[in-house]
Amino acid sequence: MSRVRFFAFFCIFLFLIFPICSQSQSLKSARAVAEEAAKKATVSESIEFLKNAIPRLPSGAEKRSATAFLGAVLEQSGLFAEAQKAYADAAAMKASDAAGMPKKSSEQLVIDAIRCALSLGDSATADNFLRSDVKKSKDEKIIAYTKLYEQWSALCKAQNTQETKGAISTLSSFVSQKSMKSVTPTVLLTLWHITGEESWAAKLKKEYPSSLETSVVKGQSQQLPTPFWYFVPRNGADIPEIAQEGTPTSQAIESSEVPKQMAVKEQIGLFKNEENAKRLVEKLKVSGFAAKIDVETRSNGVKYYLVYVPENATGTMGNLLRAAGFECYPLF
């Protein structure tokens, strides 16, 4: 090959390969991939970008954390089947957590996968996960969620209210068990939703006044509009008005914009009344959290006040909030 032909070939090779090398150098961590995904114009573009970028990450730890991140984005988009698979894939990876990303054990990721399966009303898939190693967990919170989701699975299978009685009885017994304290607000919300008995709502409001579940009971915050909550047989009261006014922020769909900068937040509540939002902010501040309020105006002109706490550098803000008794959901 002549020098001229070789030089031309070499220039073409550099032109073709340089953009790939440049991108792979700048996106060599899960954190960098997540930040780049957040710059995309729509959630669907972010998801597609993540799916393409994850296989090119250099280590198992980076791939695991990025896959778990993908699961969270898919779940918030209402793509529960894909989210369940992403969480399960991440759980199966034998690697540690990547730097700068949320810390998640494999057991926690399996719990996330179970939740997504149940959100679809897919009790068969949920049961398969519930029979896995998570059943042998020594972590009290994992055990609590496993027991809760076993009853949710039973509720998914119920064809009528008569068939929900066994699950209702078991869930009722959980309320007084110390080992179930980490999921008690969710247990109480479930019991209120299924039975319609105001005593469960009263107990929830009295013992967990700052919880997201209490906000749902009061009609001040949105209940996630998933098949589980909408189609399980129930005698419960009507779903609060706010839950029928559109898809919640934490489950934005394709047309919604993703923040132009990586700004992970933990949502604690969504309110129609600004004063209620301010009261929650004050409770969070008393507990040491720098809570803030974002104002959203829906297409119908109604304003909502979103209470959130910015994510911290280690990605552990969600765990800190839950440990302090505040239920939360991540926003990207």
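Conventions we followed
- Each chain carries its own residue numbering, running from 1 in the written order of its sequence.
- Reporting in this predicted model follows two pLDDT cut-offs: at least 70 for local features of residues, and 80 or more for side-chain atom pairs to be given and counted; totals over whole chains, interfaces and linings ignore these cut-offs and use all residues.
- Hydrogen atoms and water are omitted, and side-chain values are computed over all heavy atoms in the structure.
- Secondary structure elements are taken from DSSP: a helix is a run of H or I of four residues or more, a strand is a run of E of two residues or more, and numbering for both begins at the N terminus.
- For every residue, the accessible area (1.4 Å probe, protein chains only) is compared with the maximum for its type, and the residue is labelled buried under 20%, exposed over 50%, or partly exposed between those bounds.
- For accessible areas, the Shrake-Rupley method is used with a probe of radius 1.4 Å. Any residue's cover is judged against the shown protein chains and nothing else.
- Contacts were defined at the residue level, with two residues in contact if any of their heavy atoms lie within 4.5 Å.
- Throughout this description, the term nonpolar core refers to a set of buried Ala, Val, Leu, Ile, Met, Phe, Trp, Tyr and Cys residues connected via side-chain atoms within 4.5 Å.
- Every case where a carboxyl oxygen of Asp or Glu lies within 4 Å of a side-chain nitrogen of Lys or Arg is listed as a salt bridge.
- For patch detection, residues must exceed 30% relative accessible area and be free of salt bridges, and they are connected within 9 Å for like charges or within 5 Å for nonpolar side chains (Val, Leu, Ile, Met, Phe, Trp, Tyr).
- Residues scored as positive are Lys and Arg, those scored as negative are Asp and Glu, and His as well as the terminal groups of each chain are ignored.
- Just so you know, the charge point we use is NZ for Lys, CZ for Arg, CG for Asp and CD for Glu.
- Along the chain, pLDDT gives the predictor's confidence residue by residue, from 0 to 100.
- Each axis is a line fitted through C-alpha atoms, taken for helices only over the stretch in contact, and angles between the N-to-C directions span 0 to 180 degrees.
- Any angle from 65 to 115 degrees is called roughly perpendicular, while one under 35 is roughly parallel, one over 145 is roughly antiparallel, and all others are oblique.
- Left-handed describes a crossing whose near helix is turned anticlockwise from the far helix by less than a right angle; the clockwise case is right-handed.
- Put simply, Ala, Val, Leu, Ile, Met, Phe, Trp, Tyr, Cys and Pro go in the nonpolar bin, Asp, Glu, Lys and Arg in the charged bin, and everything else, Gly too, in the polar bin.
- Arc, as used here, means the arc of the directions from the helix axis to the C-beta atoms.
- Here a Phe, Tyr or Trp ring, Trp counted by its six-membered ring, pairs with any other such ring whose centre lies within 6.5 Å, and the pair is stacked when the planes are under 30 degrees apart, edge-to-face when over 60, and tilted otherwise.
- Strands are labelled as partners when DSSP assigns at least two bridges between them.
- In protein, a polar contact means a hydrogen-donor-capable atom and an acceptor-capable atom, both N or O and within 3.5 Å, with residues adjacent in sequence counting only if both atoms are side-chain atoms; elsewhere, any N or O pair within 3.5 Å suffices.
- Multiplying 1.5 Å by the helix residue count minus one yields the expected span of that helix.

Of regular secondary structure, the protein chain possesses 15 helices and four strands. For the protein chain, buried positions account for 46% of its 332 residues. Put simply, the protein chain shows about 16500 Å² of open surface, and 55% of that area lies on carbon and sulfur atoms.

Moving on, we get to the side chain of glutamine 84. Along the polypeptide, glutamine 84 turns up in helix H5 (residues 80-92). Sequence-distant contacts of glutamine 84, defined by excluding residues within four places in its chain, comprise Ala113, Cys116, Ala117, Thr125 and Phe129.

Once that is clear, we can look at the nonpolar core. Ranked by size, the top nonpolar core spans 71 residues in total, and within it Leu50, Ile114, Leu148, Tyr149, Trp152, Leu155 and Val187 carry the most contacts. With residues near it in sequence (within four places) discarded, valine 187 still touches Leu148, Leu171, Phe174 and Val175.

A few words now on the pattern of salt bridges. Taken as a whole and judged by the stated rule, the model has 15 salt bridges. Residue aspartate 127 pairs with lysine 157 through a salt bridge whose shortest N-O separation is 2.8 Å. A residue pair is termed long-range when its members are at least 10 positions apart, and aspartate 127 in helix H7 (residues 123-130) and lysine 157 in helix H8 (residues 140-157) qualify at 30 residues. Residue class for aspartate 127 comes out buried when judged on its relative accessible area of 16%. Given a relative accessible area of 40%, lysine 157 falls into the partly exposed group. The partner of lysine 278 in a salt bridge is glutamate 274, with the nearest N and O atoms 3.7 Å apart.

All right, on to a positive patch on the surface then. Residues Lys205, Lys218, Arg279 and Lys283 make up a contiguous surface patch of positive charge. Tracing the backbone through its elements, the reader meets lysine 218 in the loop between helix H12 (212-217) and helix H13 (227-231).

Atom-level detail of predicted coordinates should not be read off regions where pLDDT is low. Residues at a pLDDT of 70 or more form 78% of the protein chain, whose mean pLDDT is 80. Across the protein chain, helix H9 (residues 165-174) holds the top mean pLDDT of 96, while helix H1 (residues 3-26) sits lowest at 42. Throughout residues 237-263 the model reports pLDDT below 50, and contacts reaching past four residues in sequence, or to other chains, amount to 85 contacts.

Once that is clear, we can look at the packing of H8 against H9. Following both chains from N to C, one finds H8 and H9 inclined at 160°, their axes separated by 9 Å at the closest point. Here H9 runs roughly antiparallel to H8, going by the angle between their axes. Taken as a pair, H8 and H9 cross one another with a handedness that is left-handed. Residue-level inspection shows Lys147, Leu148, Gln151, Ala154 and Leu155 of H8 in contact with H9, the latter providing Gly166, Ala167, Thr170, Leu171 and Phe174. Residue composition of the contact of H8 with H9, by class: six nonpolar, three polar and one charged.

Moving on to helix H3 (residues 43-53). For H3, the complete set of buried residues consists of Val43, Ser46, Ile47, Phe49, Leu50 and Ala53. Here the buried residues of H3 occupy an arc of 165° about the axis, which is enough to place them on one side.

With that settled, consider the packing of aromatic side chains. Ring pairs (aromatic) are described by centroid distance and by the angle formed between their planes. All chains considered together, the criterion is met by three aromatic pairs. Through pairs of rings, three or more aromatic residues link up here, namely Tyr145, Tyr149 and Trp152.

A few words now on the environment of lysine 205. Locating lysine 205 in the fold gives a position in helix H11 (residues 198-207). Taking the C-alpha atoms as reference, lysine 205 lies 9.3 Å from proline 185; in sequence the two are 20 residues apart. Filtering out sequence-adjacent residues up to four positions away, lysine 205 remains in contact with Thr214, Val217 and Lys218.

The buried fraction of strand S3 (residues 303-310) is high, at six of eight residues. With six bridges connecting them, strand S1 (residues 265-271) and S3 associate as antiparallel partners. By the bridge assignment for S3, glycine 269 is matched with valine 307. Pairing between strand S2 (residues 292-297) and S3: six bridges, direction antiparallel.

Once that is clear, we can look at the environment of proline 58. If you trace the backbone, proline 58 turns up in the loop between H3 and helix H4 (60-76). Sequence separation of proline 58 and leucine 27 is 31 residues, and the distance between their C-alpha atoms is 9.5 Å.

When you line up the elements, threonine 164 lands in the loop between H8 and H9. Here threonine 161 takes part through its backbone oxygen, which lies 2.6 Å from a polar atom of the side chain of threonine 164. In contact with threonine 164, other than residues within four places in its own chain, are Leu155, Ala158, Ile194 and Pro233.

One turn of an α-helix holds 3.6 residues; hence residues three or four places apart share an orientation. Given a rise of 1.5 Å per residue, 13 residues ought to cover 18 Å, and the 19 Å separating the end C-alpha atoms of helix H14 (residues 274-286) matches this to within 8%. Residues of H14 that are buried include every one of Asn276, Ala277, Leu280, Val281 and Leu284, and no others. Angularly, the buried residues of H14 cover 140° about the axis, an arc narrow enough to put them on a single face. The inward-facing, buried residues of H14 abut S1, S2, S3 and helix H15 (317-323). Within two residues after H14, glycine 288 carries a phi angle of roughly 95°, on the positive side.

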